[in-house]
Every structure is written in C-alpha cells, then in structure tokens.
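Given next are the chains, with one letter for each unit.
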Amino acid sequence: MASPVKIPRHIAIIMDGNGRWARERGFSRIRGHEQGAESVRAVLRACGEVGVEFLTLYAFSTENWKRPKAEIVALMKLLERFLKKETPELMEQNVKLQAIGRLTDLPPACQSELHRSIEKTSSNTGVTLILALSYSARMEIIDGVKSLLDAVERGHIDKAMIDVEMFSKHLYTRYYPDPDLLIRTSGEMRISNFLLWQLSYTEMYVTPKMWPEFRKEDLLDAINEYSKRQRRYGGL
Ligand code: FPP
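J.: Go over the overall build of the chain with me, naming the residues and quoting the values.
T.: Helix and strand content of the chain: seven helices and six strands. Along the chain, from the amino end to the carboxyl end, the secondary structure elements read β-α-α-β-α-β-α-β-α-α-β-β-α. For 236 residues, the compact-globule formula gives about 18 Å, and the C-alpha radius of gyration of the chain, at 18 Å, lands near that figure. Its C-alpha atoms put the chain at 60 × 55 × 35 Å along the principal axes. Within the span of the chain, comprising 236 residues, buried residues form 47% of the whole. Restricting to contacts in the chain with at least 6 residues of sequence separation, those with at least 24 account for 77%. Total accessible area on the chain stands at roughly 12700 Å², and carbon and sulfur atoms take up 53% of it. When the 35 basic and 31 acidic side-chain charges of the chain are each reduced to a single mean position, those positions are 3 Å apart.

J.: Kindly report on the pairing of strand 4 (residues 128-135), identifying the contributing residues and their values.
T.: In terms of burial, strand 4 is largely enclosed, as eight of its eight residues are buried. As paired elements, strand 2 (residues 54-61) and strand 4 share seven bridges and run parallel to each other. Bridging from a neighbouring strand, L55 pairs with L129 of strand 4. Sheet analysis places strand 3 (residues 96-100) next to strand 4, joined by five bridges and oriented parallel. Bridge pairing in strand 4 places A99 opposite L131. Crossover strand 3 to strand 4 through helix 4 (residues 108-120) is left-handed.

J.: Requested: an account of the side chain of S227, with residues and values cited.
T.: Looking at the element boundaries, S227 is found in helix 7 (residues 216-228). A relative accessible area of 18% means that S227 is categorised as buried. Not counting the four nearest positions on each side in its chain, S227 is found in contact with P4, V5 and K6.

J.: Describe the packing of helix 2 (residues 29-50) against helix 3 (residues 69-92), listing the residues and the values that go with them.
T.: With their axes 11 Å apart at the nearest point, helix 2 and helix 3 run at an angle of 30 degrees to one another. As judged from the angle between their axes, helix 2 and helix 3 are roughly parallel. Pair helix 2 / helix 3 crosses with right-handed handedness. Residues R29, I30, H33, E34, A37, V40, R41, L44 and R45 of helix 2 form the contact with helix 3, whose participating residues are E71, A74, L75, L78, R81, F82, K85, E86, E89 and L90. Tallied by class, residues from the contact of helix 2 with helix 3 come to nine nonpolar, one polar and nine charged.

J.: Just give me the short version of the site of the ligand, but keep the residues and values in it.
T.: In the vicinity of the ligand lie 16 residues, with M15, G19, R20, R29 and R67 positioned nearest. Note that an oxygen atom of the ligand is positioned 2.9 Å from one of the side-chain N or O atoms of R29. Within the complex, the protein chains bury 91% of what would otherwise be the 620 Å² of accessible surface of the ligand. Elements with a contribution of two residues or more to the shell around the ligand: helix 1 (18-24), helix 2 and helix 3. Each residue belonging to the shell around the ligand can be placed in one class, and the counts come to six nonpolar, six polar and four charged.

Parameters and conventions
Residues numbered from 1 in each chain as written. Predicted model: local features only at pLDDT ≥ 70, side-chain atom pairs only at ≥ 80, totals over all residues. Heavy atoms only, no water. Helix = DSSP H or I, 4+ residues; strand = E, 2+ residues; numbered from the N terminus. Rg over C-alpha atoms; globule rule 2.2 N^0.38 Å. Buried < 20%, exposed > 50% of the residue type's maximum accessible area, 1.4 Å probe, protein only. Contact = heavy atoms within 4.5 Å. Areas by Shrake-Rupley, 256 points an atom, 1.4 Å probe, with all protein chains shown as cover. Lys, Arg positive; Asp, Glu negative; His and termini not counted. Charge placed at Lys NZ, Arg CZ, Asp CG, Glu CD. Pairing = 2+ DSSP bridges. Right-handed = clockwise from strand over helix to strand, strands pointing away. Axes fitted to C-alpha atoms, helices over the stretch in contact; angles between N-to-C directions. Parallel < 35°, antiparallel > 145°, perpendicular 65-115°, else oblique. Left-handed = near helix turned anticlockwise from the far one by under 90°. Nonpolar A, V, L, I, M, F, W, Y, C, P; charged D, E, K, R; others polar. Near = heavy atom within 4 Å. Polar contact = N/O pair within 3.5 Å; in protein donor to acceptor, adjacent residues only side chain to side chain.

Have a look at this one:
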C-alpha cells in the first residue's frame, strides 16, 4: 500500500519568472505580475484544502527596489489592489495575513492596506499567509544581531545565553516554524537572499514552470516529491 502523503507544515515560495512568462507572450512585465497574483490566489486556496499551516511568499526583495520606477510603482499598486480586493476572500477562507521585511519602506497607501488586512484577519485560524515585502535575509540577520546586542546592553540577557533558539526569537520570523519545503519556479537554482537562516534544513523543489502558470496541480507535485524525501537533519 502506498504510504500517505506527508503534508509540509510550512511552505516557502520564491515566485520567479513573471517577466519571462510575459515576454514569451509579447505582454508587458506587469501583466506577468498580474497573472502571478492569480497563482497566489490558487496556491493559497490549495494550501488551505490540503492542510498546509504556513505559506511564505517572496513578493518583493530589497534588491527589487533597483528595478525601473514604473515597474516598482505598478507592483506596489498591484499589491495594494490585491490586499483591498482579497481581504474579504481571506476572511472567507479563514486566512491570517502576516508580513515580514522592512515594511516601512513600502509606499504609505500600501502600508495602510497591509496593516488593515493584517488587523482584520488577525483572529483567523486557517492558513497563515506571510508576505515577504522589502525583504532581505541578510538585513534580517543584521536586525536580529542588533536586537540581541540591545537586549545584552539592557541586561535582559547574558551573552553566554545566546544560542540558535534565542537568535531565532530575534528574527522577523520568530512566530513561525522554519519552512519544511522551499519551492522556486522558473528553474533558477538560487536562494536569492531569502530566509537564509530559516532554510538551513528545508527541502528544496525547483520547477521549470514560470510562476504565472503555477497552479494547484504543481503545488501537489511539489508536496508529493517532498513526501518521498527522508529528512535526517544531519543525523543518520
Ligand atoms: C519575480 O518575477 C516576481 C516578483 C519580483 C514579484 C512577485 C509578485 C507577484 C507574484 C505579484 C503579486 C503578489 C502578491 C502577493 C499579490 P520576475 O519579475 O523576476 O521574473 P523574471 O525573472 O522572469 O524577469
């Protein structure tokens, strides 16, 4: 008898290939991002259906601020629209929204939609959707070091008490378990400054599919593959 499928508690996704998907079809890059937002809806719903507890999406990196201004503005508008339009749907699906990153870098309208949606969905008990926005893992680690130093200086903790568990509690992700599965679309074999600390023992799954065409069946393929892996965490 086939063994039952193991469902990862936490899935993290590097949503890549929106631009290439659009270029291959002669569309604008922003059309690729809009189609990518459709994939976000489909994957979030599927996570709820199969019982994934946490879904972290790399929606905007600190490096993405180097893109042409028009694309940044369009992406921020898309995010703002998504939050405004999708919040009733998040309520309906019992999704709790959270965000990690330097959120104060975002345009004020985007920040207020984000906080409104986080607040509105805060008592929901289904999937926790964590959007990484203006996120850099290296910055997160530096912020964590500063926060620890601050605690030492104030006498709240002693330097000798610092260990992996304590450091984890000074990261943006302190409320969530580490991801079990990392999915990256568009075939690139890179981590790209995403959750460097948290991905230490995460299983990776890379698919050639571009993010705008990634749907429920693709998520199930990734979960099936994960299910076949044996995680040893360095042991035997
Ligand atoms: C990478 O594709 C994708 C992004 C930088 C943005 C991700 C944003 C979305 C999927 C849109 C909406 C998100 C939410 C949460 C509503 P790319 O532009 O780097 O593609 P390329 O490598 O083919 O150029």
